[in-house]
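A look at the structure
Take a look at the letters that make up each chain.
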There are 2 protein chains.
Amino acid sequence: MIETRLDAVKLDGAGPVYDQIRRAIRDLVVSGEWPPGTGVPPEHALMEQLGASRMTVHRALVQLAREGLIVRRRRSGTIVASPPASHAMLDILSIPEEVEQLGQVYAYDVLSRSDGRPAPEVVERFGLKRSDKVAHLVVLHRADGMPHVLEERVIHAATVPGLAEEDFAETPPGDWLLKHSLWSQAEHAISAIGAGAEEADLLSIAIGEPCLLVERRTWNQSKPVTAVRLLYPGSRHRFVGRFGPYGQV
Amino acid sequence: MIETRLDAVKLDGAGPVYDQIRRAIRDLVVSGEWPPGTGVPPEHALMEQLGASRMTVHRALVQLAREGLIVRRRRSGTIVASPPASHAMLDILSIPEEVEQLGQVYAYDVLSRSDGRPAPEVVERFGLKRSDKVAHLVVLHRADGMPHVLEERVIHAATVPGLAEEDFAETPPGDWLLKHSLWSQAEHAISAIGAGAEEADLLSIAIGEPCLLVERRTWNQSKPVTAVRLLYPGSRHRFVGRFGPYGQV
DNA sequence: AAGTGGTCTAGACCACGTC
DNA sequence: ACGTGGTCTAGACCACTTT
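Heads up: these notes are all about the structure in this document. Here the structure is a predicted model, which is why all the values come from computation and not from measurement.

Turning our attention to a positive patch on the surface. Where like charges cluster on the molecular surface, the positive patch consists of Arg59(A), Arg66(A), Arg59(B) and Arg66(B). Elements with a minimum of two residues in the positive patch: helix H3 (54-67) of chain A together with helix H3 (54-66) of chain B.

Here it is, written out as structure tokens:
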């Protein structure tokens, strides 16, 4: 267990005390100052440090646990949670896991990679600036040897340290990024398009066959991290979600 | 304000008291026994009725408010909330509202309707039982006169009272259902398919053109309410969502 | 002015899991 | 056995809104 730094929790005097405590700890977590696994001080320690009652401290911690930022267990205490691997229907999900959950064997090939200033059509397709320095990758993911999804991705070198040294031989870029970068915001779009000639060839489908296109862009503190286009052959994929009128079921 | 029925709140002795209170009131709301606008008894009344402390009652009510089932205001008290009209990315949404939010003029045509035992291909397409009695509808929604989305829907007569008397001349079936039925669970699926001959004709697109297919089924207390297939021409539609690592932004 | 919810305290006992 | 979180109480004061 990573050691705790009790004095890092500082209140700002704005609003209810329980919310000050919640925001103080939340900020330590999302800023990365308390990485996953860090021990959050026990309630009695926070009580004394902050001069609040245990119920008030407890209320803040319960809310953080409900939000998924911390994990609480009796006796062993409270630690900072690992970021959730999945999120509702359209997620920052791991394609290897997605394939393995289908009971199929996962494999992938990095079809191309180029680093530096992106080509004009890449700039347009991902909404980049011409001056952005990125790695541009095309990756084909396979399930039981069959093409599963075609991934085209740019990764911003300025926000992802270690990018130049990584060759993605062991881990596909999406999964590598989960471990080597932080993100604070993401945007998804989903649409239907027909496969182009090159895409159809790589996916072993007919030109013009309907595909689901999932586009995802992520940022960390408003700095772009990565943008990806995932092309799923439509005949073989559905995204399913279940919920009730007041939230996810 | 609809009168309150304090004695309707009954605890079951299972689990924490605050959760018993929460579930008791939740059940009164989702069952329709306390319809939207009903006054929830004030905390002090629930305290006395249930023999719990105010903090415990408060905790239950705060959680219900956070879940959106009730609305609390000082002085004027707590009332049962109206069900949320929209839900996250893939919603029980109103197509008229969707079109009007795009700044376009909405119109629709009921292209066909048939009531009673559904045809075999309808049974299969919607996963019905052969004995289900349903209304089967095909509706074309237009934006600024242009085909916007093609809707094919079945509505279960057994769970939707008043269905036979409604001709959907004033309100499209999706919006009518929002006011005339309850639902407790829904399932969405999204996929890409090519337009068939008939669909292409109705949507004024080419046969085989990629479309987003949104399929939605809803139930109320495990009884089916409706199932719908919405076919959006892919070139003109994207579904977009934004969120952060710990939830919706 | 009065009724409602919002917050907070200082304690208590219990449940659970690790030591 | 012990340390942690989970629950609960009986009270207090405050903030807001309607009357």
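Here the focus is the protein's contact with DNA strand C. Around DNA strand C, the surrounding shell holds 24 residues, and the nearest of these are Val17(A), Ser53(A), Thr56(A), Arg54(B) and Met55(B). Sugar plus phosphate: this is where 60% of the atoms of DNA strand C within 4 Å of the protein reside. Between DNA strand C and Ser53(A) there is a distance of 2.7 Å, counted from a phosphate oxygen to a side-chain nitrogen or oxygen. Contact distances for DNA strand C include 2.9 Å between a base nitrogen and a side-chain N or O atom of Arg74(A). The set of elements that each furnish at least two residues to the surface near DNA strand C consists of helix H1 (17-30) and H3 of chain A together with helix H2 (43-50), H3, strand S2 (70-73) and strand S3 (77-80) of chain B.

All names here are of chain A. Where helix H2 (residues 43-50) meets H3, the closest approach of the two axes is 9 Å, and the angle between their N-to-C directions is 115 degrees. Taken as a pair, H2 and H3 cross one another with a handedness that is right-handed. In this structure, H2 contributes Glu 43, Leu 46 and Met 47 to the contact, and H3 contributes Arg 54, Val 57, His 58 and Leu 61. In terms of residue class, the contact of H2 with H3 is built from four nonpolar, one polar and two charged.

What follows concerns the protein's contact with DNA strand D. Around DNA strand D sit 24 residues, and of these Arg54(A), Val17(B), Ser53(B), Thr56(B) and Arg59(B) come closest. Counted by atom, the contact set of DNA strand D within 4 Å of the protein is 64% sugar and phosphate. Residue Thr78(A) places a side-chain N or O atom 3.2 Å away from a phosphate oxygen belonging to DNA strand D. Elements that contribute at least two residues to the surface near DNA strand D include exactly H2, H3, strand S2 (70-73) and strand S3 (77-80) of chain A together with helix H1 (17-30) and H3 of chain B. If you tally residues by element for the surface near DNA strand D, the top one is H3(B), at four residues.

What follows deals with the packing of aromatic side chains. By the definition in use, this model includes four aromatic pairs over all chains. On the numbers, 5.3 Å between centres and 90 degrees between planes, the contact of Phe168(A) with Trp176(A) is edge-to-face. Neither residue differs from the other here; Phe168(A) and Trp176(A) are each classed as buried. Across from the ring centre of Tyr18(B), 3.8 Å away, lies the NZ or CZ of Arg59(B), which sits over that ring.

Reading guide: rules and limits
Residues numbered from 1 in each chain as written. Chains lettered and ligands numbered in written order. Predicted model: local features only at pLDDT ≥ 70, side-chain atom pairs only at ≥ 80, totals over all residues. Heavy atoms only, no water. Patch = residues over 30% accessible without salt bridge, like charges linked within 9 Å, V, L, I, M, F, W, Y side chains within 5 Å. Areas by Shrake-Rupley, 256 points an atom, 1.4 Å probe, with all protein chains shown as cover. Salt bridge = Lys/Arg side-chain N within 4 Å of Asp/Glu carboxyl O. Lys, Arg positive; Asp, Glu negative; His and termini not counted. Charge placed at Lys NZ, Arg CZ, Asp CG, Glu CD. Helix = DSSP H or I, 4+ residues; strand = E, 2+ residues; numbered from the N terminus. Near = heavy atom within 4 Å. Polar contact = N/O pair within 3.5 Å; in protein donor to acceptor, adjacent residues only side chain to side chain. Axes fitted to C-alpha atoms, helices over the stretch in contact; angles between N-to-C directions. Left-handed = near helix turned anticlockwise from the far one by under 90°. Contact = heavy atoms within 4.5 Å. Nonpolar A, V, L, I, M, F, W, Y, C, P; charged D, E, K, R; others polar. Phe/Tyr/Trp six-rings, centres within 6.5 Å; stacked < 30°, edge-to-face > 60°. Buried < 20%, exposed > 50% of the residue type's maximum accessible area, 1.4 Å probe, protein only. Lys NZ or Arg CZ within 6 Å of the ring centre and 35° of its normal.

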